[in-house]
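Chain by chain, the residues run as shown.
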Amino acid sequence: MSQAEKNWRTARNGDPNFGILAGIQNKLARNQSAMRLRVLGRQPNPRKLFVQACRELFIANCGQPLDQVTELLLYAVSGTEPKANEVRDALKASTRAGRHSEKK
């Protein structure tokens, strides 16, 4: 439950100051979300970001990508079993320009 929702529930039980605070927090959260969508133009995929970050850390620290360990960590964090080749697919370019960068 978000802090804004907790404040809203507290305001319903009698303290009006928490209602004002909840409204402000809710409006700020919506504005931040709208700005992120406007700047990025899409929703970020948290699983893909996690896989990329783990792979970079393993390469920096161990010198190897350790895809199986990344897959195990993804399972531990998300609670759902990764799809086949999800770790390798997260590293592929998803835009046309990224896929065809060598054809110049």
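You'll find the structure just up there.
Everything numeric here is computed off the predicted structure, so don't read it as measured data.

Peer 1: Could you give an account of the overall build of the protein chain, naming the residues involved and the relevant values?
Peer 2: When you go through the protein chain residue by residue, the secondary structure sums to six helices and zero strands. Scanning the protein chain from its N terminus toward the C terminus, one meets helices and strands in the order α-α-α-α-α-α. Put simply, the protein chain has 104 residues, and 12% of those count as buried. Relative to all contacts within the protein chain whose residues are 6 or more apart in sequence, the contacts with residues 24 or more apart total 27%. For the protein chain, the exposed surface amounts to about 8,500 Å²; the carbon and sulfur share of it is 54%.

Peer 1: Explain the pattern of salt bridges residue by residue, including any values.
Peer 2: Throughout the structure, instances matching the rule amount to two salt bridges. Here Arg47 ties to Glu86 by a salt bridge, and the two come within 2.8 Å at their closest N and O atoms. Taken together, the positions of Arg47 in helix H3 (residues 46-62) and Glu86 in helix H5 (residues 86-89) put the pair 39 residues apart, joining distant regions of the chain. Judged by its relative accessible area of 23%, Arg47 falls in the partly exposed class.

Peer 1: Let's hear about the packing of H3 against helix H4 (residues 67-78): which residues, and what values?
Peer 2: Close contact between H3 and H4 brings their axes to 10 Å; oriented N to C, the two are set at 140 degrees. On the basis of their axis angle, the class for H3 and H4 is oblique. Of the two possible hands of crossing, H3 and H4 adopt the one that is right-handed. Here Arg47, Phe50, Val51, Cys54, Arg55 and Phe58 of H3 lie close against H4, whose contacting residues are Asp67, Val69, Thr70, Leu73, Leu74, Val77 and Ser78.

Peer 1: So what about H4? Which residues, and what values?
Peer 2: The end-to-end C-alpha distance of H4 is 16 Å, a good match for the 16 Å that 12 residues give at a rise of 1.5 Å each. Positive backbone phi, at 85 degrees, marks Gly79, one or two positions downstream of H4.

Peer 1: Give a description of the side chain of Glu86 that names residues and reports values.
Peer 2: Overall, Glu86 belongs to the buried group, its relative accessible area being 16%. Polar side-chain contacts of Glu86 include one of 2.8 Å to the side chain of Arg47. Those residues in contact with Glu86 that lie beyond four places of it in its chain are Arg47 and Leu74.

Peer 1: Would you mind going over H3 in detail, with residue names and values included?
Peer 2: When the terminal C-alpha atoms of H3 are compared, their 24 Å separation across 17 residues agrees well with the 24 Å that a helix rising 1.5 Å per residue should span. Among the residues of H3, those classed as buried are Val51, Cys54 and Phe58. One face of H3 carries all of its buried residues, which in axial projection span an arc of 65 degrees. Exposed positions of H3 whose direction lies more than 90 degrees from the buried face are Pro46, Glu56, Leu57 and Ala60. Looking at the buried side of H3, the elements it contacts are H4 and H5. You can read the cap of H3 off the contacts: a side-chain oxygen lies 3.2 Å from the backbone nitrogen of Arg47, and it is on Asn45.

Reading guide: rules and limits
- Residues numbered from 1 in each chain as written.
- Predicted model: local features only at pLDDT ≥ 70, side-chain atom pairs only at ≥ 80, totals over all residues.
- Heavy atoms only, no water.
- Helix = DSSP H or I, 4+ residues; strand = E, 2+ residues; numbered from the N terminus.
- Buried < 20%, exposed > 50% of the residue type's maximum accessible area, 1.4 Å probe, protein only.
- Contact = heavy atoms within 4.5 Å.
- Areas by Shrake-Rupley, 256 points an atom, 1.4 Å probe, with all protein chains shown as cover.
- Salt bridge = Lys/Arg side-chain N within 4 Å of Asp/Glu carboxyl O.
- Axes fitted to C-alpha atoms, helices over the stretch in contact; angles between N-to-C directions.
- Parallel < 35°, antiparallel > 145°, perpendicular 65-115°, else oblique.
- Left-handed = near helix turned anticlockwise from the far one by under 90°.
- Expected span 1.5 Å × (residues − 1).
- Polar contact = N/O pair within 3.5 Å; in protein donor to acceptor, adjacent residues only side chain to side chain.
- Arc of directions from axis to C-beta.

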